[in-house]
Each structure stands twice: as C-alpha cells, then as structure tokens.
Amino acid sequence: MTEIIPSILVKTKEELLEKISAVEQLVERVHLDIADGIFVPNMTIAGFSEIETIETTLKFRVHLMVSKPENHILRWLNTLADSFTFHIESTNQPIVVIEKLREAEKEIGLALNPRTPLSAIEPFINEIDFVHFMTVEPGFYGGEFMEEVLDKMSDFHYFYPDKPIVADGGVTPENAPKLVQAGANTLIVGSYIFKNGNPAKALEELRKSISE
Ligand code: DX5
Ligand code: ZN
C-alpha cells in the first residue's frame, strides 16, 4: 500500500507546532524538510533541537537539504527521528553519511534532484533503504511538478523492483496515480495538504486518487 506523508517545511518552531497539530490525528509520521541556505536557496529551522522539545505521537522522517550532511548528521543521531534522507549532490562522502546512519540504526534514504541521472546513485543502492526522487527542484513548498522524473523513476523501478521509492514534491491527486504507476511506495505532500485549510479532506482525496 502506498503511504502518503505530510511534508513540513518551516522557519519557526511555532509553525512547526501548528503543522504538527494539523496532521497529528491523521497520520503516523511526517516528513521534516531541513534546508541550510547553501545546498538550496532557502533556510528552515535547524530541526534537531526543536523536535527534542515537543511532545507528539508523530514519527519524524528527516529530509536533509543541506550541504555536506556528514557535518550535520551527528547532531541528529540521538533524536527521535528514525529515518533520514540526504542528497547525492550534497556530498563527496556519501559512504561516511551512510555508515554513521547505519551504526545508529537509522533508516537511510538517498535523494536525487530532478536532473540528476540514476548513474549518480547506482554505486550506493545496496547500502541504502530507499531512493528519494525529487519531483520538484528542492528548497520550497509549491515547486512545479516535473513530469519527466516519472520516466527516471520507472526505469529505476524496472531494474530495482524491490528497492522502495519515495516521491517528493508537487504531488496532487492528479499526478499521484502516475507516481504509483511508476513505482513510488511513498508520496511526500506539502502544499496540497497544508494550503487549503483542510488536511483531512486533502489526505482523503489523495488516498482516493490512488485506491484500487
Ligand atoms: C521540497 C521539499 C518537499 C516539499 C513538498 O524542497 O523537499 O518535501 O516540502 O512540498 P510540495 O508538496 O508543496 O511540493
Ligand atoms: Zn522534502
């Protein structure tokens, strides 16, 4: 079954709390976007300190849109977050990041931007738990869905049918079925869930679009 996970991209702890309470009753986990203003032209909360001080039943999957994640990851390893994605474009030392996450028994995702070829992640596929396909340029809510990523995803799914696929960015009930068709197991959704003021309804519409 395809899981739909709300995406939280915020600049303050207050916004984080608002978004958490908007979806806490509706899902088991959220995707927390972390941006450093270097790897992407936007900056969010640091995240690792904020999530330690809040009480919630939600699980956090962290998406590090940061340069040199090897310099960030240690701060996260003792947090409740149990799943991490970092970008292949962001580091010369993917193996170092993978090893640190593995030692801490965290789930490991490797992300690739819409224009990054599959060949960039291929050497690491056996070392990671899932591949995280960006379907927008990373950094912001509301990016334009890039239809051409569907072919890249399908190709990957053909060669690695057992490797879980996460699709992140610009997901709507209209394109969700195409992503599932291309092999996505998890859909990360920001704007569609949070922008219309009714997350329960948005989630319902998304689920309905991919049911059957
Ligand atoms: C993009 C982020 C996404 C984003 C999704 O930089 O990694 O997770 O929050 O939001 P929408 O659905 O608005 O593209
Ligand atoms: Zn994300």
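Residues numbered from 1 in each chain as written. Chains lettered and ligands numbered in written order. Predicted model: local features only at pLDDT ≥ 70, side-chain atom pairs only at ≥ 80, totals over all residues. Heavy atoms only, no water.

A.B. asks: Could you give an account of the overall build of the chain, naming the residues involved and the relevant values?
C.D. replies: In terms of regular secondary structure, the chain is built from eight helices and eight strands. The C-alpha atoms of the chain give 16 Å as radius of gyration, which agrees with the globular expectation for 212 residues (17 Å, within 12%). Projected onto the principal axes, the alpha-carbon positions of the chain cover approximately 40 × 40 × 30 Å. Residue pairs in contact within the chain that sit at least 24 positions apart in sequence constitute 63% of those at least 6 positions apart. (Helix = DSSP H or I, 4+ residues; strand = E, 2+ residues; numbered from the N terminus. Rg over C-alpha atoms; globule rule 2.2 N^0.38 Å. Contact = heavy atoms within 4.5 Å.)

A.B. asks: Before we move on, can you summarise the coordination of the zinc ion (ligand 2) with the specific residues and values?
C.D. replies: Taken together, H31 (NE2), D33 (OD), H63 (ND1) and D168 (OD) make up the full set of protein donors to the zinc ion (ligand 2), lying 2.1 to 2.3 Å away. Classification of the site at the zinc ion (ligand 2) as octahedral follows from its six donor atoms and the range of 74 to 176° in their angles at the metal. (Donors = N, O, S within 2.8 Å, 3.2 Å for Na, K, Ca; no water. Tetrahedral: all angles 85-135°; square planar, octahedral: opposite > 155°, others 65-115°.)

A.B. asks: I'd like to hear about unusual backbone geometry, residue by residue, with values.
C.D. replies: Across the chain, the bulk of peptide bonds are trans and the bulk of non-glycine residues have phi less than zero. Even without being glycine, K68 reaches a positive phi, approximately 50°. Within the element layout of this structure, K68 appears in the loop between β3 (59-65) and α3 (73-76). Residue classification places K68 among the partly exposed positions, given a relative accessible area of 43%. Positive phi values are uncommon outside glycine, yet E105 reaches one of about 60°. Along the chain, the position of E105 falls in the loop between α4 (94-103) and β5 (107-112). On the basis of relative accessibility, which here comes to 73%, the residue E105 falls in the exposed class. (Buried < 20%, exposed > 50% of the residue type's maximum accessible area, 1.4 Å probe, protein only.)

A.B. asks: For the pairing of strand β1 (residues 3-8), give the residues involved together with the corresponding values.
C.D. replies: The buried fraction of β1 is high, at five of six residues. Summarising the sheet, β1 and strand β8 (residues 186-189) pair through four bridges and their orientation is parallel. Bridging from a neighbouring strand, I5 pairs with I188 of β8. As paired strands, β1 and strand β2 (residues 29-35) are joined by two bridges and run parallel to one another. (Pairing = 2+ DSSP bridges.)

A.B. asks: Which residues make up the packing of aromatic side chains, and what values go with them?
C.D. replies: Applying the stated criterion across every chain, the model contains five aromatic pairs. Judged by centre distance (5.9 Å) and plane angle (70°), the rings of W76 and F84 are edge-to-face. The exposure classification of W76 matches that of F84, with both residues buried. Pairwise contacts between aromatic rings join F48, W76 and F84 into one cluster. Positioned over the ring face of F194 is K19, at 5.2 Å from the centre of the ring. In this arrangement the basic side chain of R61 is found over the ring face of F130, its NZ or CZ atom lying 5.1 Å from the centre. (Phe/Tyr/Trp six-rings, centres within 6.5 Å; stacked < 30°, edge-to-face > 60°. Lys NZ or Arg CZ within 6 Å of the ring centre and 35° of its normal.)

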